[in-house]
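Listed below are the residues making up each chain.
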Amino acid sequence: MLERTVVVGARSGLHARPAALFVQAATRLPVQVNVARDGRPPVSARSLLSVLSLGAGHGDSVVLSAEGEGAEAAVDELARLVASDLDAKE
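Here the structure is a predicted model, which is why all the values come from computation and not from measurement.

Participant: Teacher, can you tell me more about the side chain of S65 here?
Facilitator: Inspection of the secondary structure puts S65 in strand 4 (residues 61-66). Those residues in contact with S65 that lie beyond four places of it in its chain are M1, L2, E3, Q32, V33, N34 and V75.

Structure representation (structure tokens):
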């Protein structure tokens with residue numbers, strides 16, 4: 001299983017809009033990715049309610065994990081999203 005620890009870059013953390021963007025990206029991926037925080041059990045990155053329940057704020061670390069073909073690319077893509085400021089104006 002591939003795991004990567006990432007620091008949340010969004011000013012509001014993984015809440016509301018950043019969480020929705022993260023979940024949308026995870027849903028498009030060909031492999032299941034899980035996300036965990038503070039040693040809690042991992043949750044599906046495809047579930048908005050589960051991601052919101054993590055309560056991950058700005059500067060918190062989360063662990064992304066996946067396995068199987070395409071796992072590395074999937075974790076890379078979601079890690080970039082988590083580390084970026086998804087609250088920034090486009």
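From this point on, the discussion continues.
Participant: Where do I start with helix 1 (residues 16-28) in this structure?
Facilitator: The end-to-end C-alpha distance of helix 1, which contains 13 residues, comes to 19 Å, matching closely the 18 Å that a straight helix rising 1.5 Å per residue would cover. Buried within helix 1 we find P18, A19, F22, V23, A25 and A26. End-on, the buried residues of helix 1 take up no more than an arc of 160 degrees, which puts them together on one face. In helix 1, the exposed positions that point more than 90 degrees away from the buried face belong to A16 and R28. The secondary structure elements touched by the buried residues of helix 1 are strand 2 (33-36), helix 2 (48-53), strand 4 and helix 3 (71-83).

Participant: Explain the nonpolar core to me, please; I cannot follow it from the model alone.
Facilitator: One broad rule of soluble globular proteins: the nonpolar side chains tend to lie buried together. Grouped together as the largest cluster of nonpolar side chains are 26 residues, with contacts concentrated most on F22, V33, V35, V51, L64 and L78. Those elements that provide at least two residues to this core are helix 1, strand 2, strand 4 and helix 3. Examining the composition of this core, we find that six residues originate from one element, helix 3, more than from any other.

Participant: Any chance you could explain unusual backbone geometry here in plain terms?
Facilitator: Glycine aside, residues mostly have negative phi, and peptide bonds are mostly found in the trans state. At A16, a position not held by glycine, the phi torsion is positive, near 50 degrees. By the secondary structure assignment, A16 is in helix 1. Residue A16 is classed as exposed on the basis of its relative accessible area of 58%. Although it is not a glycine, D38 sits at a positive phi angle of roughly 55 degrees.

Participant: Just to check I follow, could you spell out the pairing of strand 4 for this structure?
Facilitator: In summary, the side chains of a regular strand alternate between the two faces of the sheet. Summarising the sheet, strand 1 (residues 2-7) and strand 4 pair through six bridges and their orientation is antiparallel. Bridged to E3 within strand 4 is S65. As judged from the four bridges shared by strand 2 and strand 4, these two strands associate in the antiparallel manner. Counted as the bridge partner of N34 is S65 from strand 4.

Participant: How do you make sense of the sheet that holds strand 4 when you look at a structure like this?
Facilitator: In a beta sheet, neighbouring strands pair by backbone hydrogen bonds and run either parallel or antiparallel. Read from one edge to the other, the open sheet built from four strands follows the order 1-4-2-3, with strand pairing classed as antiparallel. For this open sheet the edge positions go to strand 1 and strand 3 (43-44), each flanked by a neighbour on one side alone. In this sheet, strand 3 lies alongside strand 2 in antiparallel orientation, the contact comprising two bridges. The residue bridging N34 from the neighbouring strand is S44, located in strand 3.

Cut-offs used in this document
- Residues numbered from 1 in each chain as written.
- Predicted model: local features only at pLDDT ≥ 70, side-chain atom pairs only at ≥ 80, totals over all residues.
- Heavy atoms only, no water.
- Helix = DSSP H or I, 4+ residues; strand = E, 2+ residues; numbered from the N terminus.
- Contact = heavy atoms within 4.5 Å.
- Expected span 1.5 Å × (residues − 1).
- Buried < 20%, exposed > 50% of the residue type's maximum accessible area, 1.4 Å probe, protein only.
- Arc of directions from axis to C-beta.
- Core = buried A, V, L, I, M, F, W, Y, C linked by side-chain atoms within 4.5 Å.
- Pairing = 2+ DSSP bridges.

The values reported here are purely geometric and, on their own, carry no functional implication.
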